[in-house]
Amino acid sequence: MFKYVFMCFVAICLVGCDKAPLNQLQHVKQNKVLRVGTLAGPGNYYQGTTGEQGFEYELASEFANELGVELHIVPYFNLDELFARLDAGDLDIVASAVSFHPSRTAKYRFGPTYRMISQKLVYKQGREWPRDFDDIKAPITVLAHSNHVIALEEAKTSHPHLSWEVVSDKGEEELLQAIIDGEIDYTITDSHSLALFRRYHPTVSIAFSVTKDEHVAWMMRNEKDDSLYALLPAFFARVQQNNFLATLEEKYFGHIEEFNYVNTLAFVEAVHSTLPTYLKWFKSYSKQHNIDWRLLAAVSYQESMWDPRAKSPTGVRGIMMLTQPTAKRVGVTNRLNAQQNIEGGAKYLRILFDRMPEEIQQPDSTWLALASYNVGWGHVRDARSITADQGGDPNNWADVKKRLPLLTKKRYYRNTRYGYARGDVAVTYVDNIRRYYDALVWLEDNGALLPDSSKASSQTTPVDNPDKVREVEKQQ
């Protein structure tokens, strides 16, 4: 009996004194921190004007919120260090648009696919166009430990002449810039990174696709501990079902899918040759009406390409392309006067922004307001109604964007209040403005904008007498 009691006492002591080690999820919960590593850059994580931003940052934030812990995101500048920190146990997850490859599965495991990308071989516009690997006559420079290296190793089996150089001291954007500067001949980049970069650097051209339909997923160490990993499938199922993932995709990449070399090149050139003439007015009236000046300038470029004498077949005029009723409403007496027109455009945009229902959050309210600038608030309301009828979110731009083109179809617009509208044009209109805006943000952040021009006061218009406006408009 005494032996039995003693053994029970020892067992109790052992249970109390020798606790099992915490699993990964318990460790995250106990420390109240989820440690996520990513590559710094516009597609993943960056410090914007409103704080931390980026596709991967917002997605990881959502996961951390579900866990009820704080997100500690750590930006790295090369894959060497990122993978080393994951291997050392300093990170719980790598969320950096890394694509799945079987060769990585011995060391890492991947969560569910949430995006698809492809690898593109790129070169500088104007040089000889390589159509495939047989046309490559110089080494290809790629990031160390990237899937681009894996793709080249696979390609070399059928193209033995292939050679490449790996670098760890540069990021993906730096390699693309090196293409422009003529420092390297070729590199391989992911499709989403290239699309973001070409918003303001159109001279980087795609030679051909190296891979297609690669599955992007979060990465973790390949361990027996499934506690945190097991939550990923349910999380990604939820963000797909509740439209969070689609909204995030639209926010960061939805407006950059289409690329036009000529239009983008013309915009970048106009930023340096034309924008300085009107820059002080964009800044002044944007500040006065609490609008980002870069957004106002982007709207103006989409409307008139910064031409103060622009005219449409429907009679809208000037650098902000105001109708006569709108001009009268905002106090513009001379639509050919660039300063007046910019001020009026800023006032009108402020009216549209203030008209947005309170339940529409940013940035969706901005995109819906811009669509209203193009097609009218009534038609946008119709599209929102169609969105709600089809089970979408009428306060979500990604959902409304899908329904705006339906206003061109009789079976839809005949049941709306305001009828037919070119909703497809409104979608393109907003996407273009977003591309121009992103480019202006990047150019300003990198000190690539020219200062205000002293020519502005002499460029208002040759017609400053309001009594002569109608006569001049008729002549033009």
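About the cut-offs
Residues numbered from 1 in each chain as written. Predicted model: local features only at pLDDT ≥ 70, side-chain atom pairs only at ≥ 80, totals over all residues. Heavy atoms only, no water. Helix = DSSP H or I, 4+ residues; strand = E, 2+ residues; numbered from the N terminus. Buried < 20%, exposed > 50% of the residue type's maximum accessible area, 1.4 Å probe, protein only. Contact = heavy atoms within 4.5 Å. Areas by Shrake-Rupley, 256 points an atom, 1.4 Å probe, with all protein chains shown as cover. Patch = residues over 30% accessible without salt bridge, like charges linked within 9 Å, V, L, I, M, F, W, Y side chains within 5 Å. Salt bridge = Lys/Arg side-chain N within 4 Å of Asp/Glu carboxyl O. Lys, Arg positive; Asp, Glu negative; His and termini not counted. Charge placed at Lys NZ, Arg CZ, Asp CG, Glu CD. Phe/Tyr/Trp six-rings, centres within 6.5 Å; stacked < 30°, edge-to-face > 60°. Lys NZ or Arg CZ within 6 Å of the ring centre and 35° of its normal. Core = buried A, V, L, I, M, F, W, Y, C linked by side-chain atoms within 4.5 Å. Right-handed = clockwise from strand over helix to strand, strands pointing away. Pairing = 2+ DSSP bridges. Axes fitted to C-alpha atoms, helices over the stretch in contact; angles between N-to-C directions. Polar contact = N/O pair within 3.5 Å; in protein donor to acceptor, adjacent residues only side chain to side chain.

Looking now at the overall build of the chain. A tally of helices and strands in the chain yields 20 helices and 14 strands. Each of the 476 residues in the chain was classed as buried or not, and the buried ones make up 52%. Long-range contacts, defined here as pairs at least 24 residues apart, represent 70% of the contacts in the chain between residues at least 6 apart. Total accessible area on the chain is roughly 23200 Å²; 50% of this is exposed by carbon and sulfur atoms.

This part takes up unusual backbone geometry. For the bond from Gln362 to Pro363, the omega torsion is 0°, close enough to zero to count as cis. Of note, Pro363 is situated in the loop between α14 (338–355) and α15 (364–375). One non-glycine residue, Lys32, adopts positive backbone phi at about 60°. As for its placement among the helices and strands, Lys32 is situated in the loop between α2 (24–31) and β1 (33–39). According to the relative accessible area criterion, Lys32 is exposed, its value standing at 57%. The phi dihedral of Ala97 falls on the positive side, at around 55°, and the residue is not glycine.

A contiguous patch of negative charge, built from Glu128, Asp132, Asp134 and Asp135, is present on the exposed surface. Residue position: Glu128 is located in the loop between β8 (119–124) and β9 (140–143). Residue classification places Glu128 among the exposed positions, given a relative accessible area of 74%.

How two aromatic rings sit relative to each other is set out by the distance from centre to centre and by the angle between their planes. Per the stated rule, a full pass over the model turns up 21 aromatic pairs. Considering the side-chain rings of Tyr114 and Trp218, the 6.4 Å spacing of their centres and the 70° angle between planes classify their relative orientation as edge-to-face. Note that Tyr114 is positioned in the loop between β6 (108–110) and β7 (115–117) and Trp218 in the loop between β13 (214–216) and β14 (219–221), a separation of 104 residues in sequence. The two residues Tyr114 and Trp218 agree in class, both being buried. Chaining the aromatic ring pairs together yields one cluster made of Phe55, Phe63, Tyr114, Trp218, Phe235, Phe236 and Phe253. Arg109 extends its terminal NZ or CZ atom over the ring of Tyr229, reaching a point 4.2 Å from the ring centre.

Among the secondary structure elements, Ser286 is positioned in helix α11 (residues 275–288). We classify Ser286 as buried; its relative accessible area is 1%. Setting aside its immediate chain neighbours within four residues, Ser286 contacts Trp281, Ile291, Asp292, Trp293 and Leu296.

So, on to the environment of Lys107. Mapping Lys107 onto the fold places it in the loop between β5 (93–94) and β6. Residue classification places Lys107 among the partly exposed residues on the basis of a relative accessible area of 48%. Those residues in contact with Lys107 that lie beyond four places of it in its chain are Asp87, Met220, Arg221 and Asn222.

Among soluble globular proteins, nonpolar side chains are generally buried collectively. Ranked by size, the top nonpolar core spans 76 residues in total, and within it Phe267, Leu275, Phe282, Trp306 and Tyr373 carry the most contacts. With 12 residues, helix α19 (residues 423–445) is the largest single contributor of residues to this core. Apart from residues lying up to four places away in sequence, Phe282 is in contact with Leu275, Trp293, Leu296, Ala297, Ser300, Trp306, Ile319, Met320 and Ile342. Ranked by size, the runner-up nonpolar core spans 34 residues in total, among them Tyr45, Tyr57, Phe63 and Leu196.

Going residue by residue along β9, you find Ile140 and Val142 tucked away on one face and Thr141 and Leu143 tucked away on the opposite face as well. The parallel pair β9 and strand β10 (residues 164–167) is bridged by helix α5 (residues 147–155), and the resulting crossover is right-handed.

Turning to the pattern of salt bridges, a few remarks are in order. Evaluation of the coordinates by the stated rule reveals 16 salt bridges. Each of Glu250, Lys401, Asp431 and Arg434 takes part in salt bridges that share partners, so that together they form one network.

Turning to a positive patch on the surface, a few remarks are in order. Residues Arg329, Arg355, Arg381 and Arg417 make up a contiguous surface patch of positive charge. Inspection of the secondary structure puts Arg417 in the loop between α18 (410–413) and α19. A relative accessible area of 65% means that Arg417 is categorised as exposed.

All right, on to the sheet that holds strand β12 (residues 204–209) then. A sheet is described by the order of its strands in space; here five strands give the open sequence β10-β9-β11-β8-β12, paired in mixed fashion. On the outer flanks of this sheet lie β10 and β12, each paired with one strand and no other. Averaged over neighbouring strand pairs, the angle between their axes works out to 35° when direction is ignored. Across the sheet, α5 is in contact with β8, β9, β10 and β11 (186–190); its angle to β9 comes to roughly 135°.

With respect to the secondary-structure elements, Gln302 resides in helix α12 (residues 293–304). C-alpha separation for the pair Gln302 and Ile319, spaced 17 residues apart in sequence, amounts to 9.7 Å. In contact with Gln302, not counting residues within four places along its chain, are Tyr429, Asn432, Ile433 and Tyr436. Within the local environment of Gln302, its side chain forms a polar contact with the side chain of Asn432, the two groups lying 3.3 Å apart.

All right, on to the environment of Ala64 then. Within the secondary structure, Ala64 sits in helix α3 (residues 55–67). Of the residues examined, Ala64 reaches a relative accessible area of 1% and is grouped as buried. Sequence-wise, Ala64 and Val36 are 28 residues apart; in three dimensions their C-alpha atoms are separated by 9.7 Å.

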